[in-house]
Amino acid sequence: MRIALFQPDLPPNVGTLVRMGACLGLPVDIIRPCGFPLGREALRRSAMDYFEHADIHIHADWAAFQDSVPGRRVLLTTKASVPYTDARYVPDDVLVVGQESVGAPDFVHDAAALRVRIPMKPGLRSLNVALAAAMVAGEALRQTGFSPQ
């Protein structure tokens, strides 16, 4: 299982997800362009001492990510009809989160084999992408027999 961040806007969310990936043994894919300068030092700053334990892959764009990362795309989106707790996950799933500011574009939606949502109180827009990814990753790992390597 992996976490993929599509064109992230906020460095703290990247750092949070890199830290989660390091702790849980999940590779983290960052798909450019980002809404901030992304480099080794920026990643080290946002992920702190977890950076050295993380398996981070940076992709030039969506096409490069699609070409190099196998697995089923599972998009976390408020536009999905399937609650994340009703979905069935498999070990090679790639959990994809969209941009914090605008979500994921249609071509990312189209590439997803599964789209899931986190049920929320009516009238509220969305959760923070790092929190959403953590919730869905927790359920996916529970279903697939979590064992950090």
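See above for the structure.
Just so it is clear, the structure is predicted and the values come from calculations on it, not from any experiment. (Residues numbered from 1 in each chain as written. Predicted model: local features only at pLDDT ≥ 70, side-chain atom pairs only at ≥ 80, totals over all residues. Heavy atoms only, no water.)

Visitor: Got a minute to help me understand the overall build of the protein in this structure?
Guide: Counting its regular elements, the protein contains five helices and seven strands. Mapped in sequence order, the helices and strands of the protein form the string β-α-β-α-β-α-β-β-β-α-β-α. For a compact globule of 149 residues, the expected C-alpha radius of gyration is about 15 Å, and the protein comes in at 14 Å, within 12% of that figure. Dimensions of the protein, computed from C-alpha atoms along their principal axes, come out at roughly 40 × 35 × 30 Å. Across the 149 residues that make up the protein, the buried fraction comes to 46%. Within the protein, contacts between residues at least 6 apart in sequence are counted, and of these 75% link residues at least 24 apart. When the accessible surface of the protein is totalled, it reaches about 7700 Å², and 54% of it is carbon and sulfur. (Helix = DSSP H or I, 4+ residues; strand = E, 2+ residues; numbered from the N terminus. Rg over C-alpha atoms; globule rule 2.2 N^0.38 Å. Buried < 20%, exposed > 50% of the residue type's maximum accessible area, 1.4 Å probe, protein only. Contact = heavy atoms within 4.5 Å. Areas by Shrake-Rupley, 256 points an atom, 1.4 Å probe, with all protein chains shown as cover.)

Visitor: Whenever I open this one, a nonpolar patch on the surface confuses me. Can you help?
Guide: Taken together, the side chains of Met-120, Leu-127, Leu-131 and Met-135 present a nonpolar region at the surface, about 320 Å² in accessible area. By secondary structure assignment, the location of Met-135 is in helix H5 (residues 129–143). You can call Met-135 partly exposed: its relative accessible area is 34%. (Patch = residues over 30% accessible without salt bridge, like charges linked within 9 Å, V, L, I, M, F, W, Y side chains within 5 Å. Salt bridge = Lys/Arg side-chain N within 4 Å of Asp/Glu carboxyl O.)

Visitor: Could you clarify how one ought to interpret the pattern of salt bridges in this entry?
Guide: Where charged atoms of side chains with opposite charge meet at close range, the side chains can pair. With the rule as written, the count across this model stands at three salt bridges. Arg-2 is the partner of Asp-29 in a salt bridge, and the nearest nitrogen-oxygen pair spans 2.7 Å. Of the two residues, Asp-29 sits in strand E2 (residues 28–31) while Arg-2 sits in strand E1 (residues 2–6), which places them 27 residues apart along the sequence. For the pair Asp-29 and Arg-2, a shared accessibility class is recorded, and that class is buried. A salt bridge links Glu-139 to Arg-142, with the shortest nitrogen-to-oxygen separation between them at 2.8 Å. Within this pair, Glu-139 and its partner Arg-142 are both found in helix H5, separated by three residues, close to a single helical turn. We classify Glu-139 as buried; its relative accessible area is 12%. Taking relative accessible area as the criterion, Arg-142 reaches 57% and is therefore assigned exposed.

Visitor: Can you help me understand the sheet that holds strand E6 (residues 94–97) in this one?
Guide: Pairing between the strands of a sheet comes from backbone hydrogen bonds, and it takes one of two forms, parallel or antiparallel. Strand order in the open sheet formed by seven strands is E3-E2-E1-E6-E4-E7-E5, and the pairing between neighbours is parallel. The open sheet has two free edges, formed respectively by strand E3 (56–59) and strand E5 (82–83), since each of these has just one partner strand. In the sheet, strand E4 (residues 73–76) pairs with strand E7 (residues 114–117) via three bridges, with the strands oriented parallel. Looking at the pairing, Leu-76 lines up with Val-116 of E7. (Pairing = 2+ DSSP bridges.)

Visitor: Would you take a moment to explain the packing of helix H1 (residues 11–24) against H5 for this structure?
Guide: Across the interface, H1 lies against H5 with an axial gap of 9 Å and an inter-helix angle of 20°. Overall, the two elements H1 and H5 adopt an arrangement that is roughly parallel. The interaxial crossing formed by H1 with H5 has right-handed handedness. Between H1 and H5, the contacting residues are Asn-13, Thr-16, Leu-17, Met-20 and Leu-24 on the first element and Val-129, Ala-130, Ala-133, Ala-134, Ala-137 and Leu-141 on the second. When grouped by side-chain class, the residues that make up the contact of H1 with H5 number nine nonpolar, two polar and no charged. (Axes fitted to C-alpha atoms, helices over the stretch in contact; angles between N-to-C directions. Parallel < 35°, antiparallel > 145°, perpendicular 65-115°, else oblique. Left-handed = near helix turned anticlockwise from the far one by under 90°. Nonpolar A, V, L, I, M, F, W, Y, C, P; charged D, E, K, R; others polar.)

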